[in-house]
Amino acid sequence: MLDVKNISMFFGGLAALSNVSFSVVEGEILALIGPNGAGKTTLFNVVNGFYKPSHGDIFFNGTRISNIKTHRICRLGIARTFQVVRPLQRMSVLDNVIASAFMRAADKKRAEEIAMDILQFTGLYDDRNVISKGLPLGKRKRLEIARALATQPTMLLLDESFAGLNPSELNESIDIIRKIKAKGITMMIIEHHMKVIMAISDRIIVLNYGQKIAEGTPLEIGRNPQVIEAYLGEATNA
Amino acid sequence: MTAPQIEVFLQTLIAGFLLGGLYALIGIGMTLIMGVMKIINLAHGELMMVSMYIAYWLFTLFGLDPYLSVFVATPVMFFIGVGLQKFLITPVLKVDSILPENQVILTVGIGMVLSSLAMLFFKSDYRSTPVSYATSAWYLGDYWKGSPIELSLSVPWTVSFVFALAITAGLWFFLTKTDTGKSVRATSQDPQAALMMGVNVDRMRMLTFGLGSALVGAAGCLFIPIYYLYPSLGGQFTLIAFVITIIGGLGSTAGAIIGGIILGVFESMTATYIGMGWAPVGRFAVFVAALIFLPGGVASLARKRKLGK
Amino acid sequence: MKRYLPLFCLALLAVVPLVGLNSYLMHILILFVMWSVIGMSWNLLGGYCGQVSFGHAAFFGVGAYTAGILYTKTGLSAWWGLPLSIVAVTLVALVMGFIVLRLRGPYFALATLAIGEVLRVTAENLTNLTNGDVGIMIQERTWVEKIWYYYIILAVAAITFYLVRAVIQSKLGYYFVAIREDQDAAESLGINTTLYKTIALTLSAAITGMAGAFYTNYMGYIDPKVVFALHDISIVAIMVVMVGGVATFWGPVVGSIIMILMAEMIRSVPMLGTAHQTFFGALLIFIIIFLPNGIVGDFKKLRRLVGLGRPS
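Okay, so let's go over this structure. (Residues numbered from 1 in each chain as written. Chains lettered and ligands numbered in written order. Predicted model: local features only at pLDDT ≥ 70, side-chain atom pairs only at ≥ 80, totals over all residues.)

**Observations regarding the overall build of chain A**
A count of helices and strands for chain A gives nine helices and 10 strands. Relative to a compact globule of 238 residues, whose C-alpha radius of gyration would be 18 Å, chain A shows 18 Å and is just as compact. With respect to the principal axes defined by its C-alpha atoms, chain A has extents near 50 × 40 × 35 Å. (Helix = DSSP H or I, 4+ residues; strand = E, 2+ residues; numbered from the N terminus. Rg over C-alpha atoms; globule rule 2.2 N^0.38 Å.)

Here is the structure:
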């Protein structure tokens, strides 16, 4: 579904990503892990069109997307959330979701319908009239997901949507991810929380210093000595 | 080109260069403030106007030479700058508002108050300091008898230029060699990190605003022997300062110097070859071109070179 | 009740002149309505879409000169300038948008300011088209009575009010606010930010341009220093909205009343006449520090501030 081919990304002289290649298969959840600064968010920014890769190409369902603008990539069906939540602060939760629903809605009535559906789906319906600035962090993270879903994507990029959640919120979010998967939406997730990763992902890619050092099922990754050295040891200690 | 044409060209170039040196001083003040506080001070030119009135009254009432008033007006402007930062700008940084440009609009308000107060007190009369050396100049012919072309170097322009150079050098010394100066630069590059390193960011901001005001204040004293003074003169200098900052690159002192000279020469050329009235249009043409083609300013070119790209 | 408030206000404004106001009061009313129009248009771009323009005088001036040049060069009535200014100003806005809309925040603000100034200097220097500093005089006035001018600008204001409201409540409005709140996030939600910013700029410009064309007809005289004025047009446009209320429907109207009344009050004091900017500036500083979202936007806060002053 998504083919990332030999992507490199330089900032000044530094390589944030070097020669990364992988594919995402339709319907799966692919987790992206790695220590801080490994290039995970940069990779999202490249896929989502914020950055143009210095080298390499990205194809989405056969269309080359590495040279087109962010809003068009979104229209093709890739939506994302941000690591640092970025809700439209002075809009209500409902208006936030309506604003994104407009992309595929013919009129305002339809956009509202889509938005209401998604708010129920993500469990934010009761908070729909709250100004999003006033939401607690857990719900803001979920609002990010709701907003992305409102663009009716076929692929969703989730950037640390579980960080900072308390255990009950965490379980709710895992449920939502499973429900999204059941809808047939493909997902790439960046996550530090190993329990979540092991529970929901089908495959894992490990990045370190901008390079892909491993790829495989959670079980395989858990046994990979290179990964344990680079990342897992550090994470289990933490 | 014939000899007279070359003469005009070189004379224009010299005038542009001298003007550019003074522009640089105005631009450095602006770029410092922008670099450290990430806000645009649209009252910059008005602060210069205030300083020019100080120099003017010192000259008119006490006969103090404008070049000596640098030593009075500059510290006064420093404290005015610190006061503005402390009592007006800092509070606004803490207020939540829909438009983040509120700080910029605030400085517009400050500029309006300053220029119209000047209008109220001093009327819209054009004023100048009739110093004895106002029209004197050095001529190339006096030093080189057989020169095929005749060039002149205005005394007040040159003195102002030299002063501007000296002040810039002093500032450079302050920023690179003193601890306080280094803290200012650290705040400019990364306020978060500076805060963690124990730099008092709020104080650095006050200091910077004061310093920026002092620099433009000094520029005002250097301008008064060669320029007319009137209450609404500030606006155009604010724009000049901003254009220089954009050409030079935000927060870059060296960039501001280059930017000032580019702008000075360009304006001088436009005035000579297209017409006096068009000089401001030339200014904005440079500005818009810099915004589009050189978003990081001259400074970004230098940076790229360093990385060997 | 609230639904009929605009209609009620419109009706009220429509009957006010019938009680027989003198020429001066009519003038004030016309200025008030004209500035409401400019404020509403600025608010569309600045308040809702978050693109703070310091150069609305560019659009006002181009609109005014479209009417003026039409009259001097073709002999047509300057009233044709109203519809034609929409075309001229839209073109200017599209070119300008291409240059300035790639910039963000304060850079956008200052680029618009610079372009406004460029247009002023251009108008001053293109003497065979604009008469330069001499200005353009409309010899024959359409009406002696001010009332007709009033109804024309009132109609423009009513259309603008409903237009802005319709835009803000539609998809465009959601997109504008999304861009204001977070441009990158908006872009990643599928919003073509460049396109929608251009739409906001063009709409806003066209409305301000119409106000400019009206000004030429009403005042009968324009020159570059007046219609391209930085402080008296561009900054006042910002102030009308800042004082009244950023991103509110009624803000520009309230702001316009306050600004016009204040300007006239200051003008009536002989000593202070030249210094009206002092008070404008001081008001601006006060509003930004204490009521950053304007009187309508911070109405609750305002009531609290006033309440504090009362012994209770």
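**Some thoughts on the overall build of chain B**
For chain B, the helix and strand inventory stands at 13 helices and two strands. For chain B, the C-alpha radius of gyration of 20 Å lies close to 19 Å, the compact-globule estimate for 309 residues. Considered along the principal axes of its C-alpha atoms, chain B spans approximately 65 × 55 × 35 Å. Counting all 309 residues of chain B, 51% fall into the buried class. In chain B, the share of contacts with a sequence separation of at least 24, taken over all contacts with a separation of at least 6, comes to 76%. (Buried ≥ 20, exposed ≤ 12 C-beta atoms within 10 Å, placed from the backbone. Contact = placed C-beta atoms within 7 Å.)

**Digging into the packing of helix α12 (residues 230-244) of chain C against helix α13 (residues 251-268) of chain C**
Residues and elements named next belong to chain C. Here α12 crosses α13 at 110°, and the two axes come no closer than 7 Å. Comparing the axis directions of α12 and α13 gives the class roughly perpendicular. In this structure, the crossing between α12 and α13 has a hand that is right-handed. Along the contact surface, α12 presents V236, M239, V240, V241, V243 and G244, while α13 presents G251, P252, V253, V254, G255, S256, I258 and M259. (Axes fitted to C-alpha atoms, helices over the stretch in contact; angles between N-to-C directions. Parallel < 35°, antiparallel > 145°, perpendicular 65-115°, else oblique. Left-handed = near helix turned anticlockwise from the far one by under 90°.)

**Describing the sheet that holds strand β1 (residues 2-11) of chain A**
The strand order across the open sheet built from four strands is β2-β1-β4-β5 (chain A), with neighbouring strands paired in antiparallel fashion. Looking at strand neighbours, the two that pair on one side only are β2 (14-24) and β5 (63-64) of chain A, the edges of this open sheet. (Pairing = 2+ DSSP bridges.)

**Some remarks on the nonpolar core**
Counting 272 residues, the largest nonpolar core has I26 of chain B together with I153 of chain C as the members making the most contacts within it. A per-element tally of this core places helix α1 (residues 3-37) of chain B first, with 15 residues. With near-sequence residues (within four places) excluded, I153 of chain C lies in contact with I30, V33, M34, V37 and F214 of chain C. (Core = buried A, V, L, I, M, F, W, Y, C linked by C-beta atoms within 7 Å.)

**Here's the deal with the sheet that holds strand β7 (residues 155-159) of chain A**
Residues and elements named next belong to chain A. If you walk across this open sheet you meet the six strands as β6-β7-β8-β3-β9-β10, and the pairing is mixed. Strand pairing shows two members of the sheet lacking a second neighbour, β6 (78-80) and β10 (211-216), which therefore form its edges. Within the sheet, the average angular offset between the axes of one strand and its neighbour, ignoring direction, is 20°. Inspection of the sheet shows β6 paired to β7 by three bridges, in the parallel sense. Paired with I78 across the strands is M155, a residue of β7.

**Topic: the environment of S188 of chain C**
Of note, S188 of chain C is situated in helix α9 (residues 183-188). Classification of S188 of chain C as buried rests on a count of 29 C-beta atoms within 10 Å. A sequence separation of 182 residues divides S188 of chain C from P6 of chain C, and the C-alpha atoms of the two residues are 37 Å apart. Excluding residues that lie within four positions of it along the chain, S188 of chain C makes contacts with N48, T70, C74 and R80 of chain A.

**Quick word on helix α6 (residues 167-182) of chain A**
All names here are of chain A. Counted at 1.5 Å a residue, the expected span for α6 with its 16 residues is 22 Å, and the 23 Å between its end C-alpha atoms agrees. Among the residues making up α6, those that are buried are S173, I177 and I180. Taken around the axis of α6, the buried residues stretch over an arc of 60°, which confines them to a single face. Opposite the packed face of α6, turned more than 90 degrees from it, sit the exposed residues P167, S168, N171, D175, R178, K179 and A182. Where α6 is buried, its residues meet α5 (137-150), β7, β8 (186-190) and α7 (194-200). Among the residues trailing α6, G184 stands out with phi positive, at a value near 95°. (Expected span 1.5 Å × (residues − 1). Arc of directions from axis to C-beta.)

**Quick look at the packing of helix α4 (residues 81-100) of chain C against helix α10 (residues 193-219) of chain C**
All names here are of chain C. For the pair α4 and α10, the least separation of the axes is 8 Å and the interaxial angle reads 140°. The orientation of α4 relative to α10 falls into the category oblique. Crossing angle aside, the handedness with which α4 passes α10 is right-handed. Where α4 approaches α10, its residues G81, L82, S85, I86, A88, V89, T90, V92, A93, L94 and G97 are matched on the opposing element by T198, L201, T202, A205, A206, G209, M210, G212, A213, F214 and T216. When grouped by side-chain class, the residues that make up the contact of α4 with α10 number 13 nonpolar, nine polar and no charged. (Nonpolar A, V, L, I, M, F, W, Y, C, P; charged D, E, K, R; others polar.)

**Section: the interface of chain C and chain B**
Residue-level contacts link 37 residues of chain C with 36 residues of chain B. Those elements that provide at least two residues to the side of chain C that touches chain B are α5 (105-125), α12 and α14 (276-290) of chain C. When its residues are assigned to classes, the side of chain C that touches chain B shows 24 nonpolar, 11 polar and two charged.

**Overview of helix α2 (residues 23-48) of chain C**
Residues and elements named next belong to chain C. Along its 26 residues, α2 runs 36 Å from first to last C-alpha, staying within 8% of the 38 Å computed at 1.5 Å per residue. Among the 26 residues of α2, 19 are classified as buried, and the element is accordingly described as predominantly covered. Residue G50 follows α2 closely and has a positive phi angle near 75°.

**What about the environment of N125 of chain C?**
Mapping N125 of chain C onto the fold places it in helix α5. Exposure remark for N125 of chain C: the 19 C-beta atoms within 10 Å place this residue in the partly exposed category. C-alpha separation for the pair N125 of chain C and P224 of chain C, spaced 99 residues apart in sequence, amounts to 9.7 Å. Beyond its immediate sequence surroundings of up to four residues, N125 of chain C is in contact with G277 and W278 of chain B together with G132 of chain C.

**Here's the deal with unusual backbone geometry**
Residues and elements named next belong to chain A. Although it is not a glycine, N61 sits at a positive phi angle of roughly 50°. In this structure, N61 sits in the loop between β4 (55-60) and β5. Given 14 C-beta atoms within a 10 Å radius, N61 is considered partly exposed. With a phi angle near 50°, Q152 is a residue other than glycine that sits in the positive phi range. Checked against the element boundaries, Q152 lands in the loop between α5 and β7.

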